[in-house]
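Survey of secondary and tertiary structure
Each chain is listed here by its residues.
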Amino acid sequence: MKELHVTSVAEEHETTCWGCGSHLLLSSYAPIFKCGWCGAITNQNAQKSENKGFLWRRLLDRCFVCLLIIFMLFVICGGVWAAYPIVFSISNYWGIFHSITTVLLSVATTSTFILVAFRCAGAPPVIQWGSYRVVGKGRLEDYTFCHYCSKPKSPRTHHCRSCGMCILDMDHHCPFIGNCVGAANHRSFIFFLISAVASTLYVSILSAYAACHLWPPLKLGTLNISRGSSNILAFNTVKTILFGFLRSAEFLSARGFVLAYLFVSCLSVQIGLSVLLWQQLCYIYQGNTYLSHLSSQGSDAVVQRDCQNIAQFFGFSHSALRYLPRFQNPRKRHKK
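The written sequence of each chain sets the order in which its residues are numbered from 1. This being a predicted model, a pLDDT of at least 70 is required before a residue's local features are given, and a value of 80 or more before pairs of side-chain atoms are given or counted; all residues contribute to the totals for chains, interfaces and linings. Side-chain descriptors were evaluated using all non-hydrogen atoms of the structure, hydrogens and water having been removed beforehand.

As named in an unreviewed UniProt entry, the chain is S-acyltransferase, taken from Rhododendron griersonianum. UniProt, in its Catalytic activity (unreviewed entry) section for the chain, records the words "L-cysteinyl-[protein] + hexadecanoyl-CoA = S-hexadecanoyl-L-cysteinyl-[protein] + CoA". Its UniProt record gives the chain the following Subcellular location (unreviewed entry) comment, quoted word for word: "Endomembrane system". UniProt positions are given in the numbering used here, feature names are shortened, and annotations may be inferred rather than shown by experiment.

Pasting the structure below:
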């Protein structure tokens with residue numbers, strides 16, 4: 001009796017590449033595959049999704065933009081109304097100097113904000129696709145298909161559901177500017193952060209200086225130092241000074257309250273913007289964006305940390321890049 005050997009034959013699956021329209025024959029079912037001609041990546045499990053809540057997200061973005069514009073106008077107008085009578089009463093030269101500084105910082109902050117908020121963050125390049133005749137070999141290398149926009153998406157492009165479009169080199173979507181930060185406005189966003197940090201620092205210092213001339217004399221209560229440890233004495237001292245400030249604030253004028261609010265609000269905004277600016281500069285130093293940093297976590301990709309990344313980001317010429325220091329990657333040095 002003969003022995004039968006049974007072998008299993010893999011079923012072939014025929015599918016179509018979305019990039020060049022070529023008919024591909026796969027040895028087995030593959031949910032994600034890459035075309036050998038155009039290089040496009042096809043995900044057969046991806047389905048076209050509806051962008052639900054798009055109008056609601058756009059409305060929230062516009063509300064945040066309006067609130068930020070109102071805050072900027074209040075800082076500019078309120079600072080001029082509250083602080084400049086005191087500055088000019090001290091010296092006319094200092095008044096002129098602070099007036100010029102205010103105009104420069106206001107123009108820089110508002111102009112960069114307009115560029116960031118109302119400029120397209122970076123539309124991906126238009127490329128031909130869909131037909132074998134118009135797509136050359138490797139023209140769609142590592143491209144994927146965006147089911148929201150129904151068009152090709154390059155490897156450095158991400159779709160933003162709040163903006164309703166694909167953004168080239170997308171860093172993140174910022175609700176306070178009502179726009180994405182991408183290839184077209186990333187540099188303007190950094191300039192806006194720098195000018196906003198400088199403006200809030202200037203306003204906080206100027207408002208604190210002007211408030212010192214308006215603040216009523218402190219009414220400090222009696223402090224008992226006969227008993228208690230040093231910690232209790234320090235706590236009682238701070239409490240006495242704090243209550244003295246609160247009691248003297250009862251006689252503060254409207255101009256003084258505006259100065260106090262400007263100091264607290266600008267100081268808190270300055271801290272938040274400084275942290276965001278430092279984070280952005282760290283990503284630029286690494287040659288990444290925020291989204292690319294998230295996608296590279298856990299991978300073995302080599303990060304090129306270099307000061308030349310910052311120089312190229314701000315558009316310095318290639319001749320100036322030679323004088324900047326280069327730092328060798330520790331992973332590369334370890335491999336060698």
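1. As for helix α1 (residues 54-90)
Residue pairs spaced three or four apart in an α-helix point in one direction, given the helix's 3.6 residues per turn. Comment: elements are numbered from the N terminus, with helices defined as DSSP H or I runs of at least four residues and strands as E runs of at least two. Here the expected length of a helix is defined as 1.5 Å per residue gap, with one fewer gap than residues. Along its 37 residues, α1 runs 53 Å from first to last C-alpha, staying within 8% of the 54 Å computed at 1.5 Å per residue. Helix geometry: α1 is bent most strongly at alanine 83, by close to 40°, with proline proline 85 lying one to four residues after it. To get the bend at a residue, fit one axis to the 7 residues ending there and another to the 7 starting there, then take the angle between the axes.

2. Structural notes on the packing of aromatic side chains
The rule is short: rings of Phe, Tyr and Trp, with Trp giving its six-membered ring, pair when the centres are within 6.5 Å, and they are stacked under 30 degrees, edge-to-face over 60, tilted in between. Across all of its chains, the model carries 11 aromatic pairs by this definition. An angle of 45° between the planes, with centres 5.7 Å apart, marks the rings of phenylalanine 191 and phenylalanine 314 as tilted. Residue phenylalanine 191 is found in helix α3 (residues 186-214), and its partner phenylalanine 314 is found in the loop between α7 (307-313) and α8 (318-321); the two are separated by 123 residues along the sequence. Judged by its relative accessible area of 39%, phenylalanine 191 is partly exposed. Arranged with centres 5.2 Å apart and planes meeting at 90°, the rings of phenylalanine 313 and phenylalanine 314 form a pair that is edge-to-face. With relative accessibility at 17%, the residue phenylalanine 313 sits in the buried group. These aromatic residues form a ring-pair network of at least three members: Trp18, Trp129 and Phe145. For arginine 255, the ring lying beneath its charged end belongs to tryptophan 81, and the centroid distance is 4.6 Å. The buried label goes to any residue with under 20% of its type's maximum accessible area, the exposed label to any with over 50%, and the partly exposed label to all in between, with areas taken from a 1.4 Å probe on protein chains only. Whether a charge lies above a ring is judged from NZ of Lys or CZ of Arg, which has to be within 6 Å of the ring centre and within 35 degrees of the ring normal.

3. Focus on the environment of leucine 140
Its place among the elements puts leucine 140 in the loop between α2 (92-117) and β5 (144-146). Sequence separation between leucine 140 and isoleucine 127 is 13 residues, and the spatial gap between their C-alpha atoms is 8.6 Å. The contact rule is simple, with two residues in contact once any of their heavy atoms fall within 4.5 Å. Among all residues touching leucine 140, those that are not within four sequence positions of it are Trp18, Gly19, Cys38, Gly39, Ala40, Ile127, Gln128, Trp129 and Val135.

4. Overview of the side chain of serine 154
Relative to the helices and strands, serine 154 is located in the loop between β6 (151-153) and β7 (157-160). Residue class for serine 154 comes out buried when judged on its relative accessible area of 10%. Polar contacts, as used here, are pairs of N or O atoms within 3.5 Å; protein pairs need one atom able to donate a hydrogen and one able to accept it. Residues neighboring in sequence count only if both atoms are side-chain atoms. In this structure the side chain of serine 154 is engaged in a polar contact, spanning 2.4 Å, whose partner is the side chain of threonine 157.

5. A short note on the UniProt feature "transmembrane region" (unreviewed entry) in the chain
On the UniProt side, "transmembrane region" (unreviewed entry) is annotated at positions that read residues 64-84, 96-118, 189-216 and 258-278 here. Helix makes up 100% of residues 64-84 and strand makes up 0%, while its end C-alpha atoms are separated by 29 Å. Secondary structure within residues 96-118 divides into 96% helix and 0% strand; the distance between the first and last C-alpha atoms comes to 33 Å.

6. Thoughts on the packing of α1 against α2
As a packed pair, α1 and α2 sit with axes 10 Å apart at the nearest point and diverge in direction by 175°. Regarding the angle of α1 to α2, the classification is roughly antiparallel. Contact residues: α1 offers Val65, Leu68, Ile69, Met72, Ile76, Val80, Tyr84, Val87 and Phe88, while α2 offers Asn92, Trp94, Gly95, Ile96, His98, Ser99, Thr102, Ser106, Thr109, Thr110 and Phe113. Counted by class, the contact of α1 with α2 contains 12 nonpolar, 8 polar and no charged residues. Angular values range over 0 to 180 degrees, each being the angle between N-to-C directions of two axes fitted as lines to C-alpha atoms, with helices fitted over their stretch in contact. Roughly parallel means an angle under 35 degrees; roughly antiparallel, over 145; roughly perpendicular, 65 to 115; everything else is oblique. Amino acid classes used here: Ala, Val, Leu, Ile, Met, Phe, Trp, Tyr, Cys and Pro are nonpolar; Asp, Glu, Lys and Arg are charged; the rest, including Gly, are polar.

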